[in-house]
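Okay, here's what each chain looks like letter by letter:
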Amino acid sequence: MAALVYFRKIAEDVDAVVYLFGEDASGMTRKLIMDKGNRRAWSGDGNVDYAFLKASRRISSMRDRASEWPERGMSAS
């Protein structure tokens, strides 16, 4: 079974980056907030599920490779 998670950056300040994410690119309704200092992420709705974990890991991975927070992306498995 395939799993897709899409994300798009909606805000960034000196401390954190905020993304919308979801399993449908046209219906991303959940928020993921990433602390820039310690790279810890939390869910805007408090739900830490598989989609949240996939999105946060992919965002961190892309940040490591590009040395900047990604504007958008997806994770597939």
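For the structure, see preceding data.
A brief look at the structure comes next. (Residues numbered from 1 in each chain as written. Predicted model: local features only at pLDDT ≥ 70, side-chain atom pairs only at ≥ 80, totals over all residues. Heavy atoms only, no water.)

1. Here we look at the packing of aromatic side chains
- For the coordinates displayed, the defined rule picks out two aromatic pairs.
- Summarising the aromatic geometry, the rings of F7 and Y19 are spaced 5.8 Å apart at their centres and angled 85 degrees between planes, so their arrangement reads as edge-to-face. With F7 in strand β1 (residues 4-12) and Y19 in strand β2 (residues 16-22), this residue pair connects regions lying twelve residues apart in the sequence.
- Note on F7: relative accessible area 1%, which makes it buried.
- The buried category is assigned to Y19, whose relative accessible area is 0%.
- The ring of W69 has R63 sitting right over it, with the charged end atom 5.4 Å from the ring centre. (Phe/Tyr/Trp six-rings, centres within 6.5 Å; stacked < 30°, edge-to-face > 60°. Helix = DSSP H or I, 4+ residues; strand = E, 2+ residues; numbered from the N terminus. Buried < 20%, exposed > 50% of the residue type's maximum accessible area, 1.4 Å probe, protein only. Lys NZ or Arg CZ within 6 Å of the ring centre and 35° of its normal.)

2. Notes on the nonpolar core
- In terms of nonpolar packing, the biggest core is built from 13 residues, with F7, Y19, F21, L32, I59 and W69 touching the most fellow members.
- Those elements that place two or more of their residues in this core are β1, β2, β3 (30-35) and α1 (50-66).
- Setting aside anything within four residues of it in sequence, one finds Y19 in contact with F7, R8, K9, I10, R30, K31, L32, I59, W69, P70 and E71. (Core = buried A, V, L, I, M, F, W, Y, C linked by side-chain atoms within 4.5 Å. Contact = heavy atoms within 4.5 Å.)

3. Here we look at the side chain of S56
- With respect to the secondary-structure elements, S56 resides in helix α1.
- Overall, the relative accessible area of 9% leaves S56 in the buried class.
- Within the local environment of S56, its side chain forms a polar contact with the backbone oxygen of L53, the two atoms lying 3.1 Å apart.
- Excluding its chain neighbours within four sequence positions, the residues that come into contact with S56 are L32, M34 and A41. (Polar contact = N/O pair within 3.5 Å; in protein donor to acceptor, adjacent residues only side chain to side chain.)

4. Points about the pairing of β1
- Bridge analysis of β1 against strand β5 (residues 72-76) gives five bridges, and the strand direction is antiparallel. Residue pairing across strands places L4 opposite A76, the latter belonging to β5.
- Relative to β2, β1 is paired through six bridges, and the arrangement is antiparallel. Counterpart to K9 in the pairing with β2 is Y19.
- In this structure, the hairpin formed by β1 and β2 is closed by a connection of three residues. (Pairing = 2+ DSSP bridges.)

Remember that the coordinates give geometry; whether it matters functionally is a separate question.
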